[in-house]
Amino acid sequence: MLNKSQIRYCLDIFESMYPDAECELNHTNPFELLVAVVLSAQATDALVNKVTPDLFAKYKRPEDYVNVPLEELQNDIKRIGLFRNKAKNIKKLSETLLEKYDGEVPPTKEQLESLAGVGRKTANVVASVAFDEPAIAVDTHVERVSKRLGICRWKDSVLEVEKTLMRKVPVDEWSVTHHRMIFFGRYHCKAQRPSCEECPLLSLCREGQKRMKKKEKTS
DNA sequence: AACTCGGGGCA
DNA sequence: TGCCCAGAGTT
């Protein structure tokens, strides 16, 4: 397991690699962000961004999603996967916003997570990006990077990974770190064929060391 | 913990 | 073709 100064080193490398990392889902207000993040589950941001311009032109407020027939909304988002459930969730979530929150998106993680189609990850993203609340959303990239480097244990659950990161990363860097680790995981520390040879963190990376040794043997 | 929903992108 | 993707809900 990495100690605090080693993790500090990782965070500084992440910053030097991706200084401006931020949420890539297009949005102009919290409600649009919430809808975009719900749509982005198991889909790429690029695909979601192709759909949202037309979608947000047609649907501006929760009422618009509540009043439209389910089939019509499903058709409007069908290019994105899992559209049947996502359409239902967005309608239900919009009803909840009107009933409980005066049509506004609530700012806390707990309130967000109680909405239909919103899990811990989505709640963390919306809270941090839209409301500047400190949060670390652990997705597959963050989980993989944390485990490979040795920031957390291999067998840790997603929730344990999040807790560990919250304990070891300064709170004012939580949100930024989340996005930087996603970039690092997506473009560098990839699930398949990570480019360990050129990695600036190789010297302290548990998995990287293992992979390099393996490569020496086979070559 | 495993399973399902799911079209798009890429090799 | 086959495999993966910035997940959540149900069993």
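For the structure, see preceding data.
As a starting point, this report considers the structure included with it. (Residues numbered from 1 in each chain as written. Chains lettered and ligands numbered in written order. Predicted model: local features only at pLDDT ≥ 70, side-chain atom pairs only at ≥ 80, totals over all residues. Heavy atoms only, no water.)

**Observations regarding the overall build of chain A**
To be explicit about the condition: The helix count covers DSSP runs of H or I at least four residues long, the strand count covers runs of E at least two residues long, and both are numbered beginning at the N terminus. Categorising residues by exposure relies on relative accessible area from a 1.4 Å probe, with only protein chains included: less than 20% of the type maximum marks a residue as buried, more than 50% marks it as exposed, and the intermediate range marks it as partly exposed. Between two residues, a contact is recorded if the distance between any of their heavy atoms is within 4.5 Å. Exposure was quantified through the Shrake-Rupley algorithm and a 1.4 Å probe, taking into account, for residues, occlusion by the shown protein chains and nothing else. We score Asp and Glu as negative and Lys and Arg as positive, and we do not count His or the chain ends. Where a charge lies is defined by one atom per residue type, namely NZ (Lys), CZ (Arg), CG (Asp) and CD (Glu).
Counting secondary structure elements, chain A contains 12 helices and zero strands. Summarising its shape, the C-alpha atoms of chain A cover approximately 60 × 35 × 30 Å along the three principal directions. Of all 219 residues assigned to chain A, the portion counted as buried reaches 47%. Put simply, 60% of the contacts in chain A that link residues at least 6 apart link residues at least 24 apart. Accessible area for chain A stands at about 11,800 Å²; split by element, carbon and sulfur atoms hold 51% of it. With 36 positive and 32 negative side-chain charges, chain A shows a separation of 10 Å between the mean positions of the two kinds.

**Section: the protein's contact with DNA strand C**
Rule in force here: Throughout this document, a residue counts as near a molecule or strand when at least one of its heavy atoms sits within 4 Å of that molecule or strand. In protein, a polar contact requires one atom able to donate a hydrogen and another able to accept it; more generally it is a pair of N or O atoms within 3.5 Å, and residues adjacent in sequence count only if both atoms are side-chain atoms.
Around DNA strand C lies a shell of 20 residues, among which Gln-42, Gly-117, Thr-122, His-141 and Arg-186 are the nearest. Across the atoms of DNA strand C situated within 4 Å of the protein, the share located in sugar and phosphate is 54%. Taking Gln-42, its side chain carries an N or O atom lying 3.0 Å from a phosphate oxygen of DNA strand C. Within the side chain of His-141, a nitrogen or oxygen atom sits 2.6 Å from a phosphate oxygen of DNA strand C.

**Regarding the packing of aromatic side chains**
Filter applied, for reference: Think of it this way: a Phe, Tyr or Trp ring, Trp meaning its six-membered ring, pairs with another when their centres are within 6.5 Å, and the plane angle makes it stacked under 30 degrees, edge-to-face over 60, tilted otherwise.
With the rule as written, the count across this model stands at five aromatic pairs. Here Phe-183 and Tyr-187 contribute two aromatic rings whose centre-to-centre distance is 5.8 Å and whose plane-to-plane angle is 65°, an arrangement assigned as edge-to-face. Of the two residues, Phe-183 and Tyr-187 both sit in helix 11 (residues 174–187), four residues apart, roughly one turn of that helix. Three or more aromatic residues link up through ring pairs in this structure, and these residues are Tyr-18, Phe-183 and Tyr-187.

**Structural notes on the layout of surface pockets**
Stated precisely, the cut-off is as follows: Throughout, the protein atoms alone are placed on a 1 Å grid, and a set of points is a cavity if a 1.4 Å probe fits but cannot get out or a pocket if it is open with protein on both sides within 12 Å along at least five of seven lines; lining residues have an atom within 4 Å of a point. Grid points are joined across faces, edges and corners, and a volume is the space filled by probe spheres set on the points. Residue type decides the class: Asp, Glu, Lys and Arg count as charged, Ala, Val, Leu, Ile, Met, Phe, Trp, Tyr, Cys and Pro as nonpolar, and the leftover types, Gly among them, as polar. Domain delimitation follows an automatic or database domain assignment.
Empty space within the largest pocket amounts to approximately 820 Å³. The biggest single contributor to the lining of the largest pocket is helix 11, with five residues. Looking at side-chain class alone, the lining of the largest pocket contains 11 nonpolar, 10 polar and seven charged residues. Residue-level mapping places the lining of the largest pocket at the junction of two domains, with at least three residues from each of domain 1 (4–20 + 137–218) and domain 2 (30–131). Estimated volume of the second largest pocket: approximately 160 Å³. Those elements that place two or more of their residues in the lining of the second largest pocket are helix 3 (45–58) and helix 5 (70–76). The class makeup of the residues in the lining of the second largest pocket is four nonpolar, one polar and six charged.

**Some points on the protein's contact with DNA strand B**
By nearness alone, every residue bordering DNA strand B is listed as Gln-42, Leu-47, Lys-50, Lys-78, Arg-79, Gly-81, Leu-82, Phe-83, Arg-84 and Asn-85. Here a sugar or linking oxygen of DNA strand B and a backbone polar atom of Leu-82 are 3.0 Å apart. Here a phosphate oxygen of DNA strand B and a backbone polar atom of Asn-85 are 3.4 Å apart. Elements with a contribution of two residues or more to the surface near DNA strand B: helix 3 and helix 6 (83–100). A total of three residues in the surface near DNA strand B trace back to one element, the largest contributor, which is helix 6. Partitioned by chemical class, the residues of the surface near DNA strand B number three nonpolar, three polar and four charged.

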